[in-house]
Structure formats: structure tokens, C-alpha cells
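Structural characterization, general
Residues per chain, in single letters:
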Amino acid sequence: MIRIGYGRNDWKVSAHSADLRRSPQSEQTATVEAAPQSVTLDMSRTAVIVVDMQNDFCSPGGWLDFIGADYAPLREPVERQNRFLSQMRRESIPVIWLNWGNRPDRLNLSPSVLHVYNGTGAGIGIGETLPGNSSKVLEKGSWGAEILEELEVGPEDIRVDKYRMSGFVDTPLDSILRNLRVDTILFAGVNLDQCVMATLQDAVNAGYDALLLKDLCATNSPGYCIEATYYNVKQCYGFLTDSEAVLRALETTISCS
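Side note on the sheet that holds strand S2 (residues 9–13)
Pairing within the open sheet is antiparallel, and its three strands lie in the order S1-S2-S3. Both outer strands of the open sheet, strand S1 (2–6) and strand S3 (18–19), are each paired with one neighbouring strand and no more. In terms of strand pairing, S2 meets S3 through two bridges, oriented antiparallel. Paired with lysine 12 across the bridge in S3 is aspartate 19.

Now the structure itself:
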């Protein structure tokens, strides 16, 4: 019989029959220190989403730099992200890079989305050219939409373009996660209180479990935005933890067939 579909969600078929039983996955139970309480989860049904670690937000010469915003805090988690994601790959946990990567014609973007990035209409917004390097802001294929060169991207990593604060709107992210048979998502990236939070909220609303990795997220928003995000995650959406807690849990992971 021939196997069709992704390895975690597949059938075996022949000219005469179709076996709809998916390939079995060994459960990997891990207990992670978190707030408001510790979390026991199956790492074989877990993925990591890294949000917006791209040049337009995090690099000199990017869009944030052009408008005079402080991009330096957004680079602060890079070394920890590299260390954590390297271990995730060794454990065969999917790593998903979720970045703005808009259509050149912007036909799927409403004025309310465009306004966020060009509030007066007279500035340089989504899809418009940055004077310093000719990159088009947040446009797929542009330098500004690329992942920071300091971040290590594995050949097995998954890339998903997004077009809103939330990565679930108008994208294939949900379909990809369901094909991966994912229940739990670990969140990292920027801005903590904006695109990370919006994506996390929609993940939970869609039925996924969510853990926010505090030390792998960043924002250049005021401190009260960070505190409000932490409060809302614990109160309404999921759990707060950090990369070290997850790595410690992986050291004592229990595998069950």
C-alpha cells in the first residue's frame, strides 16, 4: 500500500482499499512549571510558533527603525530563541515561523489594517518602499519580510505568511496545525502584546492549548502592556512559562507507545 498525506496525518491506499488509520505517535508526557499552575502535556502533540522575528521589526534599516521606533528590545530574545528552537528540532517538535508577508497588490487588506502602519496616509506603510534600502514594507519576498539572519532556521521548519495581527486570519495556519495533529502551542516572538497575543487568543478560541514563553517574547510597548498581556493570558487564555522550564521538562519526558 502507498502512504499519502503528512506523516502525522496519513492514509495507506491501494487500487482496492484505503486504510484510514493514522500512523501511531508515541506519547511524550512532560510536566512544565507554569502559571497559574503547572501543565502536563504531550510533547508529540505540541508545536512552537515564532511570531514576526523579521527585519522590518527587528533590524536596523527596517520599517520600525525608519519610523523612529526602538527595535533594539525586539532583538533581545534571539540567542535564547536559537537555543530553544535547536532543542525543539532535536525532539522532532515542529517549529513554525509566522511572519508578515503581504501580497504586492494588498487586495486582502482592509483600510483598517493599512491604517495601523500608515496612520496619516502620508507615511510609508505596508507595501510601500523604504527609502534607505528599497525594501517594500512587510511584503512577501522583500528583505523586510525575511527572518533575522541571526536566527537559525532549520530545513524542516515551516513558514507561514500572515496578513493581520493574528496569524489565524486569512492564512493556512489552522489547517497546518491540524495536519500536524497539534493540540498545544508554545508561543514566542514579537510584539508580545500585539501579534503574539492576537495569535494566541485566536489559537485558544479555535480550541488549541497555549503556553506563552515569556523569555522568548519581547515588545517595545510600555511596561504596562507587558503586565496586561501576562494577566490576560493567565486569566483568560492559557499559561505563562519560559523556555528553561520547558527544557527542564523535556529532560524528564516520559515516552509511552
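Regarding helix H7 (residues 192–205)
Each α-helix winds once per 3.6 residues, and so residues spaced three or four apart point in a common direction. With 14 residues, H7 ought to run about 20 Å at 1.5 Å a step, and its terminal C-alpha atoms sit 18 Å apart, in line with that. In H7, a bend of some 25° at alanine 198 exceeds every other bend along the element. Among the residues trailing H7, glycine 207 stands out with phi positive, at a value near 105°.

Topic: the pairing of strand S5 (residues 39–42)
Judged from the four bridges that link them, strand S4 (residues 27–32) and S5 form a sheet pairing that is antiparallel. Directly across from valine 32, in S5, lies its bridge partner valine 39. Where S4 folds back onto S5 in an antiparallel hairpin, the turn is made up of six residues.

Thoughts on unusual backbone geometry
Note that the residue after alanine 35, namely proline 36, is joined by a cis bond; omega there is 10°. Relative to the elements of secondary structure, proline 36 occurs in the loop between S4 and S5. A cis amide bond links valine 190 to the next residue, asparagine 191, at an omega of -25°. Take asparagine 191: it is sitting in the loop between strand S9 (184–189) and H7. One non-glycine residue, aspartate 52, adopts positive backbone phi at about 60°. Looking at the element boundaries, aspartate 52 is found in the loop between strand S6 (46–51) and helix H1 (55–58).

With respect to the packing of aromatic side chains
Taken as a whole, this structure holds three aromatic pairs when the rule is applied. Their ring planes at 55° and their centres at 5.2 Å tell us that tryptophan 63 and tyrosine 117 sit as a pair that is tilted. On the criterion of sequence distance, the pair formed by tryptophan 63 in helix H2 (residues 63–66) and tyrosine 117 in helix H5 (residues 111–117) is long-range, its members being 54 residues apart. Since its relative accessible area comes to 7%, tryptophan 63 is described here as buried.

Some details on the side chain of asparagine 99
The topology assignment puts asparagine 99 in strand S7 (residues 95–100). Within the local environment of asparagine 99, its side chain forms a polar contact with the backbone nitrogen of aspartate 52, the two atoms lying 3.4 Å apart. With residues up to four places along the chain from it excluded, the contact list for asparagine 99 reads Val50, Asp52, Met53, Gln54, Ala145, Glu146, Ile147, Val160, Asp161 and Lys162.

Considerations on helix H4 (residues 78–90)
Helix length check: H4, at 13 residues, gives a terminal C-alpha distance of 19 Å against a target of 18 Å (1.5 Å per residue), a fit within 8%. Along H4, the residues classified as buried are Val78, Gln81, Asn82, Phe84, Leu85, Gln87, Met88 and Arg89.

Basis of the calculations
- Residues numbered from 1 in each chain as written.
- Predicted model: local features only at pLDDT ≥ 70, side-chain atom pairs only at ≥ 80, totals over all residues.
- Heavy atoms only, no water.
- Pairing = 2+ DSSP bridges.
- Helix = DSSP H or I, 4+ residues; strand = E, 2+ residues; numbered from the N terminus.
- Expected span 1.5 Å × (residues − 1).
- Bend = angle between axes of the 7 residues up to and from the residue.
- Phe/Tyr/Trp six-rings, centres within 6.5 Å; stacked < 30°, edge-to-face > 60°.
- Buried < 20%, exposed > 50% of the residue type's maximum accessible area, 1.4 Å probe, protein only.
- Polar contact = N/O pair within 3.5 Å; in protein donor to acceptor, adjacent residues only side chain to side chain.
- Contact = heavy atoms within 4.5 Å.

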